[in-house]
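Here are the chains, one letter per residue:
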Amino acid sequence: MVTCPRLAVNSEGLLFNMRRAIYPGSFDPVTNGHLDIIQRGCKLFDEIIIAILIHPDKTPFFSVQERKEILADVLKDIEQGGCTVVVDSFEGLLVQYAADREAHAIVRGIRAISDYEYELQMALMNRRLEPSLETVFMMPAEAYSYVSSRLVKEVFQLGGNIAGLVPAVVEERMRQKK
Ligand code: PNS
């Protein structure tokens, strides 16, 4: 029996060291940009844990449970190759959660230079807290370089068209909430 969560058995029955990454965020809601990053991450990692931050001080559009359901739903439709994509939520320090899940890396998407400063600050703080954990920055397709959950919500709430920015199921669930 394999007891170390980092070890897995490949198609030839051989043990290998599984590359596991955490993709943390609010995902309120998940956008096509997030899905693009997940697919790119799948080329680098054997397992990606999408970790939704539980933020007690924030009033989200979708509850954590709803975001989990939506993510599980949209992930059924995306090409993951041989990668396992898991949806979870976490509270507290990200580095602690990553250590608990025996992850090798944190994946974050960077859309523009404006994201870089905040992301660099977080990556360096996380490195200070846990030097063995790497942060991997990935760039989404140009088509999603301006897409954010915050803007999607704003445009939607003001009656604008968000088709193509989020999966259809997200748009549908947003309409049901209105
Ligand atoms: O999608 P977001 O809201 O930009 O994601 C931000 C997130 C969840 C990655 C960040 O807020 C985070 O990691 N929070 C967990 C608390 C923590 O570890 N803080 C120190 C980070 S340097």
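Conventions adopted
Residues numbered from 1 in each chain as written. Predicted model: local features only at pLDDT ≥ 70, side-chain atom pairs only at ≥ 80, totals over all residues. Heavy atoms only, no water. Buried < 20%, exposed > 50% of the residue type's maximum accessible area, 1.4 Å probe, protein only. Helix = DSSP H or I, 4+ residues; strand = E, 2+ residues; numbered from the N terminus. Pairing = 2+ DSSP bridges. Right-handed = clockwise from strand over helix to strand, strands pointing away. Core = buried A, V, L, I, M, F, W, Y, C linked by side-chain atoms within 4.5 Å. Contact = heavy atoms within 4.5 Å. Salt bridge = Lys/Arg side-chain N within 4 Å of Asp/Glu carboxyl O. Axes fitted to C-alpha atoms, helices over the stretch in contact; angles between N-to-C directions. Near = heavy atom within 4 Å. Polar contact = N/O pair within 3.5 Å; in protein donor to acceptor, adjacent residues only side chain to side chain. Areas by Shrake-Rupley, 256 points an atom, 1.4 Å probe, with all protein chains shown as cover.

(A) Representation of the pairing of strand S4 (residues 47–53) within the structure. The element S4 is largely enclosed, with a buried count of 6 among its 7 residues. Relative to S4, strand S3 (residues 20–25) is paired through 6 bridges, and the arrangement is parallel. Bridge assignment links Ala-21 to a residue of S4, and that residue is Ile-48. Following the backbone out of S3, through helix H1 (residues 32–41) and into the adjacent parallel S4, one traces a crossover that is right-handed. Inspection of the sheet shows S4 paired to strand S5 (residues 84–90) by 7 bridges, in the parallel sense. Bridging across to S5, Leu-53 finds its partner in Phe-90. Handedness of the crossover is the feature at issue here: the chain leaves S4, passes through helix H2 (residues 64–75), returns alongside S5, and the resulting connection is right-handed.

(B) The arrangement of H1 in detail. Among the 10 residues of H1, 8 are classified as buried, and the element is accordingly described as predominantly covered. Among all positions in H1, only Asn-32, Gly-33, His-34, Leu-35, Asp-36, Ile-37, Ile-38 and Gly-41 are buried.

(C) Highlighting the nonpolar core. Grouped together as the largest cluster of nonpolar side chains are 33 residues, with contacts concentrated most on Ile-38 and Met-174. Among the secondary structure elements, those contributing two or more residues to this core are S3, H1, S4, H2, strand S6 (105–109), helix H5 (149–157) and helix H6 (168–177). Tallying contributions element by element places H2 first for this core, with 5 residues. Beyond its immediate sequence surroundings of up to four residues, Met-174 is in contact with Pro-29, Phe-61, Phe-62, Val-152, Lys-153, Phe-156 and Ile-162. Judged by nonpolar contacts, the second largest core, of 11 residues, contains Ile-22, Phe-90, Ala-103 and Leu-133.

(D) Structural detail: the pattern of salt bridges. By the definition in use, this model includes 13 salt bridges. A salt bridge links Asp-88 to Arg-101; its shortest N-O distance comes to 2.6 Å. Of the two residues, Asp-88 is situated in strand S5 and Arg-101 in the loop between helix H3 (94–100) and S6; the sequence distance between them amounts to 13 residues. When its relative accessible area of 27% is taken as the criterion, Arg-101 is described as partly exposed. Across the pair Glu-119 and Arg-108 runs a salt bridge whose closest N-O atoms are separated by 2.8 Å.

(E) Up close: the pairing of S3. Within S3, 6 of the 6 residues are buried, which leaves it mostly tucked inside the rest of the structure. Neither face of S3 is open: one carries Arg-20, Ile-22 and Pro-24, the other Ala-21, Tyr-23 and Gly-25, and all of them are buried. Pairing of S3 with S6 involves 2 bridges; the strand directions are parallel. Directly across from Ala-21, in S6, lies its bridge partner Ala-105.

(F) Structural detail: the sheet that holds S4. In space, the 5 strands of this open sheet follow the order S5-S4-S3-S6-S7, with parallel pairing throughout. The sheet is open, and its two edges are formed by S5 and strand S7 (134–138), each paired on a single side. Here the strands of the sheet are splayed against their neighbours by 30 degrees on average, with no regard to which way each runs.

(G) Structural view of the site of the ligand. Lining the immediate environment of the ligand, one finds 13 residues, of which Gly-25, Ser-26, Gly-92, Leu-94 and Arg-108 sit closest. The side chain of Ser-26 places a nitrogen or oxygen atom 2.6 Å from an oxygen atom of the ligand. In this structure, Leu-94 approaches the ligand through a main-chain N or O atom, which is 2.8 Å from an oxygen atom. About the coverage of the ligand: the protein hides 75% of its 550 Å² of free accessible area. Of all elements in the fold, only S3 and helix H4 (113–129) reach the threshold of two or more residues within the shell around the ligand. The element best represented in the shell around the ligand is H4, accounting for 4 residues.

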